[in-house]
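Each chain, letter by letter, is given below.
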Amino acid sequence: MNQYINVVGGGLAGTEAAYQIAKRGIKVKLYDMKPKKFTPAHNNEDLAEIVCSNSFKSNLLTNACGLLKEELRKLDSLLIRVADETKVPAGQALAVDRDLFAKKVTDEISQNPLIEVISAEIGKDISLKELSEDTITIIATGPLTSESLANEIQNLTGQDKFYFYDAAAPIVTKDSIDFDIAFYGDRYTQEKKKKETVDEWLKRIDVMNNSENIVENSYINLPFSKEEYESFWEELVNAEVVTLHDFEKREIFEGCMPIEIMAKRGIDTLRFGPLKPVGFDDPRTAKRPYAVVQLRQDDSQASLYNLVGFQTNLKFGEQKRVFSMIPGLKEADFVKYGVMHRNTYINSPELLDNTYNFKNNKNIYFAGQITGVEGYVESISSGMVCALNAVYDFKKHGSNKKIVFSDFTVIGSLAKYISTKNDKFQPMNANFGILPELEGKKIKDKKERYAKLAARSLENLEICKYL
């Protein structure tokens, strides 16, 4: 056995795995095809580049993704720490300056003496079989797997690869927004919150959920009148898309549904989704607007804002034309247009166990969205689990014992989900529905129930002290 562990892929799962392995005194060879080769969705040479939204979703412990982040913080996740360090105002969510985030992760990885970063495309420069023959190897290539590596993974697994289509939203400059129309505000700070009075755990959770550190006025809001909205909707549903025939409805991940496809489900669909006006009054009329587009800060200087929920596959010219119809964006400067890209994932229930270990070759682990965990934080959690088990294997030299997280935790429940047989397996975000139910009488109040699930999760994470 070689005296190092391989990690293939320098995205979120791969960099987390590399950090966790090196932290435990083991050398890492981290392979990434950048900067030799880029996918159409990548823009810079840094590791851990995020190409879709800059949001890591909610920080609330009564939200499954917020709870997952807290679990990872307790386990000293590099990626969540850097996300916290590079955060930008986003209300109750954790959003980051994406360029600063990637740079800080790259600095942490490249300056670690135990991590060697190698620019190479697996499948062309070196084969996956050669790489993993006598070395523990974590394949964390992410959803944007290159064709050459995807072919090798297909040969390795003997399965047809699965895929779905994901999309990213456009970004505009703040200076080009018309603030005679736009206004600041976060609907979550305006809604009345119910006070928790359960026990010490729930009080702690409530304090975190309702922290005074949550920044108000995190979002820029663009209000529609009924006439403006209906004109916008009409142009949106009839706008030209890029190779529409390639993107069949069944292949599009619901969590990143392109705005134009969502709009075609009905004229009011957007008003009950990303454009819901709940929690706002238009300062010009002192009344609730008909619909609201929210812009979220995308960089630490607050000079760039992305259109929340506006993942799209419209042609670039159409994006400029149609999205400029949004009140306040008539003269908008679009510094980045939305794009759609194909994501690859494997049939994990047939191929992986609940440590993300490949059943047919114990030297190989898979991590990240290629396993079917959908989302930034979910990918990071898979990298964490892979790394801890790879280290355990390395030190125990092939022991059959595993580090298995309790399925009372979100980390453990995600690992269980991707390894449990499912004839309709598809990518899954963190959610409370995949955790075991609470014992005893069912709690009807959702917030109280989620708070108790969070308390149970963090209690069960405490047993992992040997990690």
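The numbering scheme is per chain: residues are counted from 1 as the chain's sequence reads. Confidence filtering applies because this is a predicted model: local features only for residues at pLDDT of at least 70, side-chain atom pairs given and counted only at 80 or more, and all residues used for totals across whole chains, interfaces and linings. For the side-chain quantities, the full set of heavy atoms in the structure was used; hydrogens and water were omitted.

### Focus on helix α6 (residues 147–157)
Each residue is assigned to one of three classes by its accessible area relative to the maximum for its type, calculated with a 1.4 Å probe on protein chains only: buried under 20%, partly exposed between the two thresholds, exposed over 50%. Secondary structure elements are defined from DSSP: runs of H or I of at least 4 residues count as helices, runs of E of at least 2 residues count as strands, and each element is numbered from the N terminus. The set of residues buried in α6 consists of S148, L149, A150, E152, I153 and T157. Residue contacts follow a heavy-atom distance rule, with two residues in contact if any of their heavy atoms lie within 4.5 Å. Packing partners of the buried residues in α6 comprise β1 (4–8), α5 (128–132), β7 (137–139), α12 (348–351) and β16 (364–366). At the C-terminal side of α6, G158 shows a positive phi close to 70°.

### Quick word on the confidence of the model for the chain
Every residue carries a pLDDT, the predictor's confidence in it, which falls somewhere between 0 and 100. Summary statistics for the chain give a mean pLDDT of 86 and a share of 85% for residues scoring 70 or more. The secondary-structure element of the chain with the lowest mean pLDDT is helix α8 (residues 200–209), recorded at 50, while helix α3 (residues 78–85) shows the highest, at 98. Note that pLDDT drops below 50 for residues 190–198; the model gives that stretch 15 contacts with residues more than four away or on any other chain. Note on residues 244–250: pLDDT is under 50 here. Beyond four places in sequence and across chains, it has eight contacts.

### Examining the side chain of E49
Its location among the elements puts E49 in the loop between β2 (27–32) and β3 (55–58). Side chain to side chain, E49 and K34 meet in a polar contact 2.7 Å long. Each polar contact in these results corresponds to two N or O atoms within 3.5 Å; when the atoms are within protein, one needs to be able to donate a hydrogen and the other to accept it, and residues that are neighboring in sequence are counted only if both atoms are side-chain atoms.

### Quick look at unusual backbone geometry
The amide bond that connects K34 to the next residue, P35, takes the cis arrangement and shows omega of 0°. Checked against the element boundaries, P35 lands in the loop between β2 and β3. The phi torsion at K57 lies on the positive side, around 70°, for a residue other than glycine. Residue placement: K57 occurs in strand β3. Using a relative accessible area of 37% as the deciding quantity, one classes K57 as partly exposed. Backbone geometry places D76, a non-glycine residue, at a positive phi of 60°. The topology assignment puts D76 in the loop between α2 (64–74) and α3.

### Concerning the pairing of β1
On a regular strand, each side chain points to the face opposite its neighbour's, so the side chains alternate between the two faces of the sheet. Extensive coverage of β1 is indicated by the burial of four of its five residues. Alignment of β1 against β2, held across five bridges, turns out to be parallel. Following the sheet pairing, V8 is matched in β2 by Y31. If the strands point away from the viewer and the path from the first strand over the helix to the second runs clockwise, then the crossover is right-handed. Taken together, β1, helix α1 (residues 12–23) and β2 form a β-α-β motif whose crossover is right-handed. Being paired, for any two strands, means DSSP has found at least two bridges between them. Bridging between β1 and β7 involves three bridges; their strand directions are parallel. Among the inter-strand pairings, V8 is bridged to a residue of β7, identified as I139.

### Description of the sheet that holds strand β9 (residues 171–173)
Within the open sheet, the six strands sit side by side as β10-β11-β12-β13-β9-β14. Their pairing is antiparallel. The sheet terminates laterally at β10 (183–184) and β14 (334–336), the two strands that pair on one side only. Across three bridges, the pairing between strand β12 (residues 291–297) and strand β13 (residues 304–307) is antiparallel. When the sheet's bridge partners are listed, R296 is paired in β13 with N306. Sheet strands in contact with helix α9 (residues 226–237) are β11 (219–224) and β12, and its direction is about 95° off that of β11. Lines fitted to C-alpha atoms define the axes, with helix axes restricted to the stretch in contact, and inter-axis angles between N-to-C directions lie between 0 and 180 degrees.

### Comments concerning the pattern of salt bridges
We define a salt bridge as a side-chain nitrogen of Lys or Arg found within 4 Å of a carboxyl oxygen belonging to Asp or Glu. Scanning the model with the defined rule gives 16 salt bridges in all. Here E49 makes a salt bridge to K34, at a shortest N to O gap of 2.7 Å. A residue pair is termed long-range when its members are at least 10 positions apart, and E49 in the loop between β2 and β3 and K34 in the loop between β2 and β3 qualify at 15 residues. Its relative accessible area of 13% is what places E49 among the buried residues.

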